[in-house]
Amino acid sequence: MAKSKTGKKLMNMVYGLGAAVVIIGALFKIMHWPYGDLMLIVGLVTEAVVFVISAFESVDDELDWSLVYPELAGGMTSTKKGVKAPEDAQGILSKKLDEMLKDARIDGEMMNSLSTSIKSFEGATKSMAPTAEAMSSTKKYSEEMALAAAQMESLNSLYKVQVESASRQAEANERVAENAEQLKAQMENLTTNLSSLNGVYGGMLSAMSAK
């Protein structure tokens, strides 16, 4: 019965209905609805009956896929008409590959030329290495010169500030010297005035003594 299309549909229906009854019985039991125990018992009994029926179900014969795909038959090749052996398939693949290379004009001479070009490029790359190192050294020297120039500019600015400070100090010293000369002249003038005043005062005393 299970081998016929109708039997398979019937068994699928039995499996589905049995599972549905079990689920409904479990739902009644979990939700504590009325008749929950009875529904669970009915569902489990139904599922048990389904398993008993499935135990007597006949097993379908497996298909022999090696008839369609000879490669599956223990790795043995088939020489039937329309089925190519692996060796023939490899030969066809190699032939197609040769044709593709020929159409692309890729031959031994072109491969040798490509190899020569790669070697030449490698040699050019190696010869460029010293040039790259020289460029790196030149760049480093330029950076050091720029740093030295910046330091020299800072020193020049500092020297300029010191020169300006010394100039201002010299001007201040000159002013102090001028003020000292003026003070000396004023002191000499004051001394002369005091001497004259002493002379006048002495004369007045002498005149008063003579009387």
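The structure under discussion appears in the preceding block.
Cut-off values and rules
- Residues numbered from 1 in each chain as written.
- Predicted model: local features only at pLDDT ≥ 70, side-chain atom pairs only at ≥ 80, totals over all residues.
- Heavy atoms only, no water.
- Helix = DSSP H or I, 4+ residues; strand = E, 2+ residues; numbered from the N terminus.
- Contact = heavy atoms within 4.5 Å.
- Areas by Shrake-Rupley, 256 points an atom, 1.4 Å probe, with all protein chains shown as cover.
- Axes fitted to C-alpha atoms, helices over the stretch in contact; angles between N-to-C directions.
- Parallel < 35°, antiparallel > 145°, perpendicular 65-115°, else oblique.
- Left-handed = near helix turned anticlockwise from the far one by under 90°.
- Nonpolar A, V, L, I, M, F, W, Y, C, P; charged D, E, K, R; others polar.
- Salt bridge = Lys/Arg side-chain N within 4 Å of Asp/Glu carboxyl O.
- Buried < 20%, exposed > 50% of the residue type's maximum accessible area, 1.4 Å probe, protein only.
- Patch = residues over 30% accessible without salt bridge, like charges linked within 9 Å, V, L, I, M, F, W, Y side chains within 5 Å.

Another point: the overall build of the protein. For the protein, the helix and strand inventory stands at four helices and zero strands. Taking all contacts inside the protein whose residues are at least 6 apart in sequence as the whole, residues at least 24 apart take part in 40%. Of the roughly 18,500 Å² of accessible surface on the protein, 65% is carried by carbon and sulfur atoms.

Here we come to unusual backbone geometry. Phi is mostly negative for residues that are not glycine, and the peptide bonds are mostly trans. A positive phi is found at H32, a non-glycine position, where the angle reads about 60 degrees. Following the sequence through the fold, H32 ends up in the loop between helix 1 (5-31) and helix 2 (36-55). Of note, the phi angle at Y35 is positive, near 65 degrees, even though the residue is not glycine. Mapping Y35 onto the fold places it in the loop between helix 1 and helix 2.

What follows concerns the packing of helix 1 against helix 2. Across the interface, helix 1 lies against helix 2 with an axial gap of 7 Å and an inter-helix angle of 155 degrees. As the angle between them shows, helix 1 and helix 2 are arranged roughly antiparallel. Between helix 1 and helix 2 lies a crossing of left-handed hand. Taken together, the residues of helix 2 that come into contact with helix 1 (itself represented by M11, V14, Y15, G18, A19, V21, V22, I24, G25, A26, F28 and K29) are G36, D37, M39, L40, V42, G43, L44, T46, E47, V50, I53 and S54. Of the residues in the contact of helix 1 with helix 2, the class split is 15 nonpolar, six polar and three charged.

Inspection of the entire model under this criterion finds two salt bridges. Across the pair D37 and K29 runs a salt bridge, and its minimum N-O distance is 2.3 Å. Accessibility expressed as a relative area gives 48% for D37, which makes it partly exposed.

Below, the discussion takes up a nonpolar patch on the surface. Judged by side-chain polarity, L183, M187, L190, L194 and L197 come together as a nonpolar surface patch covering roughly 490 Å² of accessible area. With a relative accessible area of 44%, L194 lands in the partly exposed category.

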